[in-house]
Amino acid sequence: MASTSRREQPPWTCPPAPAAGVSLPPLKIYNSLTRKKETFVPIDPGGKKVTWYCCGPTVYDAGHLGHARNYVTTDVLRRIMRDYFGFDVKFVQNVTDVDDKIILRARQKHLLDEFTSQNPTITPDVVRSVTAAWSAYFNSKVAGDADRDTVSPAGFQAWAEKTHPGLTSIISKEEARKAGPSSPESAEEDVTLDENATKLKMHLTTLFAASKALRGGDKSSPPSPDAFYLATTSVLLPYLDSLHKNRSYSQDVFSKLSSYWERHFSEDMGTLNVLPPTTVTRVSEFIPENVRFVEKLVGKGFAYPTADGSVYFDIAAFEGAGHHYAKLQPWNRGDEALIADGEGALTSDKVSTLPTTVDGKVLSEKKKSPQDFALWKASKEGEPSWESPWGKGRPGWHIECSVMCSEVLGETVDIHSGGIDLAFPHHDNEIAQSEAYWDGCCNVAPNTADGKHQWINYFLHMGHLNIHGSKMSKSLKNFVSIRDALTRGGWTARGLRVVFLMGGWKEGIEVREGVLAEANKWETTVTKFFSNVRALVAEEAAREKAGETIPQLFGPLEHSIHTELDTARAALHTALCDNFNTSDAMKVITDLIGETNKYMASTPALASVKEAARWITRIVNIFGLDAASTPNGEDRIGWSDSAAGTAAGAETLLMPYLRALSAFRDSVRQLAIANPRDSASADLLLLSDRLRDYDLATLGVALDDRDSAVGKPALVKFVPAEELIAAREEKERRAAEKEKKKEEARAKKEEEDRKKAELGKVSQVNMYRTEEWGEWDEEGMPTKDREGKEVTKSRGKALRKGWEKQKKVHEAWLASQGTGASS
């Protein structure tokens, strides 16, 4: 039996040191096989070549932001290995084009297309069929035993509000938001759901949409067929599939779907600036190799066929031979939900294709242990199949990667990577079947503590992308496709990559406003820095071309900024050697930009600035933040404008013309400023401002006016047009707000003046002649109240103060009217 506890990770052995004289970077990588950082040592004795296998997509639907998180982050690590540390990386990535999910999606889509083409209008028969589909979906996904066959589409709303009030409320609010921001129920609400609640909410949402369409379909004026089928597709698909269990399909029904989504995925990766793999492997192109691989495992006693024509990996036999199963996550072995998900939805109930005994051995009717996993699946009607010694079938999901990786990269691999959700059972099963296959083969010496073969040396798992606490997943239908995110979701390829770089590669990332704001701030800081430096460098080049000698200074300031650059280089190296710590590396970049900006504010010299800017450009290119970068662009500064497509080449081409236009504008402005009394000066200044703020800003060109008194020309820069327009609109908004406040203050003063004037019209002699008083003296001061009582001395003093104050106000009013003071 295995020498370590079945719930503990077994010992891991670091690869042997490279040949004498070979120097390796002090790189440490978090290894899922040990759950700690390990020194990276490649298999190659020369220390340069690195083999890397990455689990690729299962191509049955559009890639979503969760996929972007996985493959963009993997691309970042690959680029750092290749372009920073200088390794020669052979990167193999598979395409799973034979899988239960693909089979189900392909035939369901085929059946739905068939159904909708046969039923172009919504007839009573269609409504009855979809109602039956709705009931089947309800009973299988959300109904309790007492609810089966008792809840209808018409009564679903009441049932849901009673049974799941919290989720129903959330769904209603989401629908209100979709209806429009003016809806009273459209306020955003931050709700965190666990995965089970998210899945239940998905099913309820599906049933709500379909029940609403069915209620409309019962009316005299049913909804349009397109709208009806769109709302009911999710309940129709499994129902139609269940009605055609014994139907056969041509192979191209499945290959057509997988080919389409593979192309779709590759295009998305190109848009995200993900490097293409060195080698792409498709399962469908490795079927004979899969059969041979499984045959060998059966021959070595690590696998067994069953009577239905399937073949399973024998975990008990594997561990009985001294191997360790579930090296990555031994604590998850036996998890029935994970095992079932790994085995796929199409479990076999196929009639036997083999005799009950083979070579005198009785075949099992089913697998020996619930934990044993399929290496070869017997195909039923409605599934693609290939010939094998066990009858017609297809590879299991886990074996596919083992076969393709082994065929291309051999018996031992430096790095294997994928999403963290694949660790168990997929990657653990890969390890088990591959180590069983290679153990004792090809004269490969064992390199583990227990003398067994170590197939993968470093396992890297990318963290999830979470939305409100739940991982983004197709199965949960809480995903945003990559294309929707880039075209309608406000994301850019660079912005996504910045978020992933700032979050680290193995930790989960929660999509929240604070994360997005921090990433946007980082990108804006770098963009502005590049724009300023390029503009200053272009200006300096123009001055040199005009015959001016540019001073080349190197004093205390230059010593200081070069020290800052050396510090940044060392800090970045430390960060990347520490498990690809891109989060710290991103801070190193902005810290250096801050110091360089201070230097630029102190001196016009640019030699040191250019050195810092070139280094920052190199690092952001290594991180894949510029799709227009070139491997040999050492002297280049900045990145392309991903929004407008402005590249450095275009800047070089256009700059002489823009500089001539800017110089003309500078001259016009100086003339207008020098002659302020000239009636045309104000108009000239307005026109020059319009050229800067409207005409050129719309084209992505910024003019920064500097001190014209000393003849300093405007600085010409290339900046994304939308950024300049947004800045202009913000400036206009502030100006309008300022003008509004001025107008409000003016109106307030006028009202105060009006009230003051009205008050001033009243003479002090008459101010107290009201019903409150009964007698007055000659000055109009009250002597008795209306009841005939004498005014007290203290009251008289208070009244006198008011009288004196009104006298001054009235005299001021009289003076403003050109009238003498009253007596």
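The text that follows walks through the structure, step by step, so that each part is easy to find. Just so it is clear, the structure is predicted and the values come from calculations on it, not from any experiment. (Residues numbered from 1 in each chain as written. Predicted model: local features only at pLDDT ≥ 70, side-chain atom pairs only at ≥ 80, totals over all residues. Heavy atoms only, no water.)

Overview of the sheet that holds strand E10 (residues 374-378)
The criterion, for reference: Any two strands with at least two DSSP bridges between them are considered paired. The way it works is that DSSP assigns letters per residue, a run of H or I at least four long becomes a helix, a run of E at least two long becomes a strand, and they are numbered from the N terminus. Only the stretch in contact is used when fitting a helix axis, every axis being a line fitted to C-alpha atoms; angles between N-to-C directions are given from 0 to 180 degrees.
Spatial ordering of the open sheet is given by E6-E7-E10-E11, a layout of four strands whose pairing is antiparallel. Each edge of the open sheet carries a strand with a single partner, namely strand E6 (303-305) and strand E11 (393-395). Neighbour-to-neighbour, the strand axes of the sheet open up by a mean angle of 20°, direction not taken into account. Across three bridges, E6 lies against strand E7 (residues 311-313) in antiparallel orientation. Within the sheet, the bridge partner assigned to Tyr-304 lies in E7 and is Tyr-312.

Some points on the state of the cysteines
Rules: Cysteine sulfur atoms that come within 2.5 Å of each other are treated as a disulfide pair.
Counted according to the given criterion, the structure contains zero disulfides. As a non-bridged cysteine, Cys-401 has Cys-55 as the owner of its nearest cysteine sulfur, 3.8 Å distant.

A closer look at the packing of aromatic side chains
Put simply, the test is: Aromatic contacts are taken between Phe, Tyr and Trp rings whose centres are within 6.5 Å, Trp giving its six-membered ring; a plane angle under 30 degrees counts as stacked, one over 60 as edge-to-face, and the others as tilted. Here the term buried applies to any residue with accessible area under 20% of the maximum for its type, exposed to any over 50%, and partly exposed to those in between, with areas from a 1.4 Å probe on protein chains only.
Scanning the entire structure with this criterion turns up 28 aromatic pairs. Ring geometry for Tyr-71 versus Phe-265: centroids 5.2 Å apart, planes at 80°, classification edge-to-face. Taken together, the residues Tyr-71 in helix H1 (residues 65-84) and Phe-265 in helix H8 (residues 251-271) connect sequence positions 194 residues apart. On the numbers, 4.8 Å between centres and 80° between planes, the contact of Tyr-260 with Trp-261 is edge-to-face. On the basis of relative accessible area, Tyr-260 is assigned to the partly exposed category, the value being 43%. Residue classification places Trp-261 among the buried residues on the basis of a relative accessible area of 16%.

Quick word on helix H18 (residues 582-602)
Worth spelling out the cut-off: To estimate the expected span of a helix, count its residues, drop one, and scale the result by 1.5 Å. This arc corresponds to the set of directions leading from the helix axis out to the C-beta atoms. Contacts were defined at the residue level, with two residues in contact if any of their heavy atoms lie within 4.5 Å.
Over its 21 residues, H18 extends 31 Å from the first C-alpha to the last, a length consistent with the 30 Å expected when each residue adds 1.5 Å. Residues Thr-582, Ala-585, Met-586, Val-588, Ile-589, Leu-592, Ile-593, Thr-596, Tyr-599 and Met-600 constitute the buried set of H18. One side of H18 holds all its buried residues, which, seen down the axis, span an arc of 150°. Residues of H18 that are exposed and point more than 90 degrees away from the buried face comprise Lys-598, Ala-601 and Ser-602. Contacts made by the buried residues of H18 are with H1, helix H15 (493-503), helix H16 (513-545), helix H17 (556-577) and helix H19 (607-622).

Description of the sheet that holds strand E13 (residues 456-462)
Read from one edge to the other, the open sheet built from five strands follows the order E5-E4-E3-E12-E13, with strand pairing classed as parallel. Both edges of this open sheet fall to strand E5 (279-282) and E13, since each of them pairs with a single strand only. Sheet twist, expressed as the average angle between the axes of neighbouring strands with direction ignored, equals 20°. Of the pairings in the sheet, the one linking strand E3 (residues 49-54) to strand E12 (residues 413-419) comprises three bridges and is parallel in character. Pairing of Trp-52 across the sheet is with Ile-415, part of E12. Relative to E12, helix H13 (residues 423-438) is tilted by about 160°, and along the sheet it contacts E12 and E13.

A look at the nonpolar core
This is how the line gets drawn: Among buried residues, the Ala, Val, Leu, Ile, Met, Phe, Trp, Tyr and Cys ones that are joined through side-chain atoms within 4.5 Å form a nonpolar core.
By size, the foremost hydrophobic cluster in this structure holds 125 residues, and its most contacted members are Met-81, Phe-313 and Phe-623. A total of nine residues in this core trace back to one element, the largest contributor, which is H1. With sequence-adjacent residues up to four places away left out, Phe-623 is seen in contact with Val-76, Arg-79, Ile-80, Arg-497, Leu-501, Leu-576, Thr-582, Ala-585, Met-586 and Ile-589. Listed in part, the 49 residues of the second largest apolar core include Tyr-60, Tyr-137, Leu-167 and Ala-197.

Observations concerning the side chain of Glu-343
Keep this limit in mind: The sign given to each residue is positive for Lys and Arg and negative for Asp and Glu; His and the chain ends receive no count. Every case where a carboxyl oxygen of Asp or Glu lies within 4 Å of a side-chain nitrogen of Lys or Arg is listed as a salt bridge.
For Glu-343, the position within the fold is in helix H11 (residues 336-343). Notably, Glu-343 is buried but unbridged: the nearest opposite-charge side chain belongs to Lys-367, and the N-O separation is 4.0 Å. Setting aside anything within four residues of it in sequence, one finds Glu-343 in contact with Asp-100, Tyr-312, Lys-367, Asp-372, Phe-373, Ala-374, Lys-377 and His-398.

Things to note about the pattern of salt bridges
Per the stated rule, a full pass over the model turns up 51 salt bridges. One salt bridge connects Arg-394 with Glu-383, and the closest N-O pair in it is separated by 2.7 Å. In this pair, Arg-394 is assigned in strand E11 and Glu-383 in the loop between E10 and E11, connecting sequence segments eleven residues apart. Relative accessible area serves as the criterion here: at 1%, Arg-394 is assigned to the buried category.

A closer look at helix H2 (residues 100-118)
Defined as follows: For this analysis, a polar contact is any N or O atom pair within 3.5 Å, provided that within protein one partner can donate a hydrogen and the other can accept it, and provided that sequence-adjacent residues contribute only side-chain to side-chain pairs.
Along its 19 residues, H2 runs 27 Å from first to last C-alpha, staying within 8% of the 27 Å computed at 1.5 Å per residue. Residues of H2 that are buried: Asp-100, Ile-102, Ile-103, Leu-104, Ala-106, Arg-107, Gln-108, Leu-111, Leu-112 and Phe-115. On its buried face, H2 is in contact with helix H3 (124-141), helix H7 (225-243), H8, H11, E10 and E11. Its side-chain oxygen placed 2.9 Å from the backbone nitrogen of Lys-101, Asp-99 serves as the N-cap of H2.

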